[in-house]
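# Structural description and commentary
Each chain, written out:
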Amino acid sequence: MIAQDIPKEALNLLRTGVAIPAHPLLLDNDRKLDTTRQQAVTRYYLDAGAGGIAAGVHTTQFAIRDVGLYEPVLRLAAETALDWTDDARLLIAGVTGKTAQATQEAQVARGLGYHAALLNLAHLNGVPEAEILEHCRTVAKEMPVIGFALLPSVGGFHLSYEFWKAFAQIENVIAIKMAPFDRYRTIDIVRAVYDAGAEDRITLYTGNDDHIILDLIQPFVVRSEDGKQERRARIRGGLLGHWSVWVEKSAKMLRRIQAVPDGADMPEDLLALDSMVTDCNLAIYDALNDLKGCIPGCLEVLRRQGLAENTLCLNPDETLSPGQLEQIDRVYRMYPEMNDDIFVKINLERWLSGDQNAHPLVT
């Protein structure tokens, strides 16, 4: 499967830039997959204006592979999306492990109708970059690939500018999710894509949950080494764990940012959103505790809205951190305009029941 095999409407979404939530795993109180709520959250994302979903990723919990849930969770998300809407949506599958596992996961995802693999390289930490590139080329033979620069605090590691330049030259790479949570590393990747001459083929997405709005607003200056040529790069969309919650508001923010023409003055209130969204992420993503409670934090927001029953993870030790609930309470009070609780309340019954006519959709 190559990029040209992706339906034109879905590929156009990727190129234009959309909000893609990293889909969480919804468990019942016995830590079993809660199919009803898992489907409800998928429907929520589609109705909230997300341009697609990413399943099998960090927010879905890597441990799904250990309990035989990788294929069932991906299948459920794909089938729910297909049944719920006729509109084009991107289906992104998280793919991880060493080459044999990653190749097998890409084959599963391709068979389920996913459009691209978000390639997590965490299991290759310490492997020479030349071997990592061969791994990426092998997976890219199975289906289009989205590169993933993952920060070390959640299992990733940093790769060099030379790696990203060579990676960008792989023909079946269609996007890169930049999530180093590091300005220097982010600029490095942007420069590598442009220096590889791949900017027309590779769309840049932010995964920097600590800097979402500014990533989407700012132009990146890319100059030739002699300083005589200059290009402007833009990050077009986001594939984010933070966007697994409050999606209706996030999708609206992205559309508003995209409506500002390149080169135009950016409204001050849009610029101010960066610090507000980042402060919300501090609470939900548990930044004060090195992100240890990031997945339970997202589940806590969904629990308050009625979409999740609890904040349980497959790993019993993965819980909300001390003080995290108070931080989430704080940002709810300080930034009420950030949440989409009213939108969820109006539509919760129809998402849980699967009945599209249970309540009118209001956005």
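Refer to the structure presented above.
So, here's what we can say about the structure. Small disclaimer: the values here were computed from a predicted structure and weren't measured.

Attention now moves to the overall build of the protein. Counting its secondary structure elements, the protein contains 13 helices and 10 strands. For 363 residues, the compact-globule estimate of 2.2 N^0.38 gives 21 Å, and the protein sits close to it at 19 Å. Expressed as lengths along the three principal axes of its C-alpha atoms, the size of the protein is roughly 60 × 50 × 40 Å. Looking at the protein residue by residue over its 363 residues, the buried ones come to 57%. Across the protein, contacts joining residues at least 24 apart in sequence account for 76% of those joining residues at least 6 apart. For the protein, the computed accessible surface area is about 15100 Å², with 49% contributed by carbon and sulfur atoms. Computing the positive centroid from 36 side-chain charges and the negative centroid from 50, the protein places the two 2 Å apart.

Taken as a whole and judged by the stated rule, the model has 23 salt bridges. Across the salt bridge formed by Asp-188 and Arg-191, the nearest N and O atoms sit 3.2 Å from each other. Residue Asp-188 and its partner Arg-191 are both found in helix H7 (residues 183-195); the two are separated by 3 residues, about one turn of the helix. A relative accessible area of 30% means that Arg-191 is categorised as partly exposed. Glu-199 is paired through a salt bridge with Arg-231; the nearest N and O atoms lie 3.9 Å apart. Taken together, the residues Glu-199 in the loop between H7 and strand S7 (203-206) and Arg-231 in strand S9 (residues 230-233) connect sequence positions 32 residues apart.

This part is about the nonpolar core. Within the largest apolar cluster, 133 residues are counted, with the highest numbers of intra-cluster contacts made by Tyr-44, Tyr-114 and Phe-167. If we skip the residues at most four places from it in the chain, Phe-167 touches Leu-133, Cys-136, Val-145, Gly-147, Val-173 and Ile-176.

For the structure on display, the rule yields 7 aromatic pairs. Seen in terms of ring centroids, Trp-246 and Tyr-332 are 5.4 Å apart; in terms of plane orientation they differ by 90°. Their pairing is edge-to-face. Highlighted residues: Trp-246 in the loop between strand S10 (237-240) and helix H9 (247-258) and Tyr-332 in helix H12 (residues 324-334), separated in sequence by 86 residues. Here Trp-246 falls in the buried class, since its relative accessible area comes to 4%.

Residue placement: Asp-200 occurs in the loop between H7 and S7. Sequence-wise, Asp-200 and Ile-174 are 26 residues apart; in three dimensions their C-alpha atoms are separated by 9.4 Å.

Moving on, we get to the sheet that holds strand S5 (residues 145-150). Strand pairing in a sheet relies on backbone hydrogen bonds. The paired strands run either parallel or antiparallel. Across the sheet, 8 strands lie side by side as S1-S10-S7-S6-S5-S4-S3-S2; this open sheet has parallel pairing. Strands with a single pairing partner mark the edges of an open sheet, and in this sheet they are strand S1 (19-21) and strand S2 (52-55). Within this sheet the neighbouring strands show an average axis-to-axis angle of 25°, counted without direction. Taken strand by strand, helix H1 (residues 8-16) contacts strand S3 (90-95), strand S6 (173-179) and S7, and its axis lies near 65° from that of S7.

At a closest axis distance of 9 Å, the pairing of helix H2 (residues 35-47) and helix H13 (residues 341-353) adopts a crossing angle of 130°. Judged by the inter-axis angle, H2 sits oblique to H13. In terms of crossing hand, the pair formed by H2 and H13 is right-handed. In this structure, H2 contributes Thr-36, Arg-37, Ala-40, Arg-43, Tyr-44 and Asp-47 to the contact, and H13 contributes Phe-343, Val-344, Arg-350, Trp-351, Leu-352 and Ser-353. Class assignment for the residues of the contact of H2 with H13 results in 6 nonpolar, 2 polar and 4 charged.

On to the packing of helix H5 (residues 129-140) against helix H6 (residues 161-168). Direction vectors running N to C along H5 and H6 enclose 25°, while the axes themselves pass 10 Å from each other. As judged from the angle between their axes, H5 and H6 are roughly parallel. By crossing handedness, the relation of H5 to H6 is classed as right-handed. On the side of H5, the interface is formed by Glu-129, Ile-132, Leu-133 and Cys-136, while H6 contributes Phe-163, Ala-166 and Phe-167. Counted by class, the contact of H5 with H6 contains 6 nonpolar, no polar and 1 charged residues.

Here is what the cut-offs are and how they apply
Residues numbered from 1 in each chain as written. Predicted model: local features only at pLDDT ≥ 70, side-chain atom pairs only at ≥ 80, totals over all residues. Heavy atoms only, no water. Helix = DSSP H or I, 4+ residues; strand = E, 2+ residues; numbered from the N terminus. Rg over C-alpha atoms; globule rule 2.2 N^0.38 Å. Buried < 20%, exposed > 50% of the residue type's maximum accessible area, 1.4 Å probe, protein only. Contact = heavy atoms within 4.5 Å. Areas by Shrake-Rupley, 256 points an atom, 1.4 Å probe, with all protein chains shown as cover. Lys, Arg positive; Asp, Glu negative; His and termini not counted. Charge placed at Lys NZ, Arg CZ, Asp CG, Glu CD. Salt bridge = Lys/Arg side-chain N within 4 Å of Asp/Glu carboxyl O. Core = buried A, V, L, I, M, F, W, Y, C linked by side-chain atoms within 4.5 Å. Phe/Tyr/Trp six-rings, centres within 6.5 Å; stacked < 30°, edge-to-face > 60°. Pairing = 2+ DSSP bridges. Axes fitted to C-alpha atoms, helices over the stretch in contact; angles between N-to-C directions. Parallel < 35°, antiparallel > 145°, perpendicular 65-115°, else oblique. Left-handed = near helix turned anticlockwise from the far one by under 90°. Nonpolar A, V, L, I, M, F, W, Y, C, P; charged D, E, K, R; others polar.

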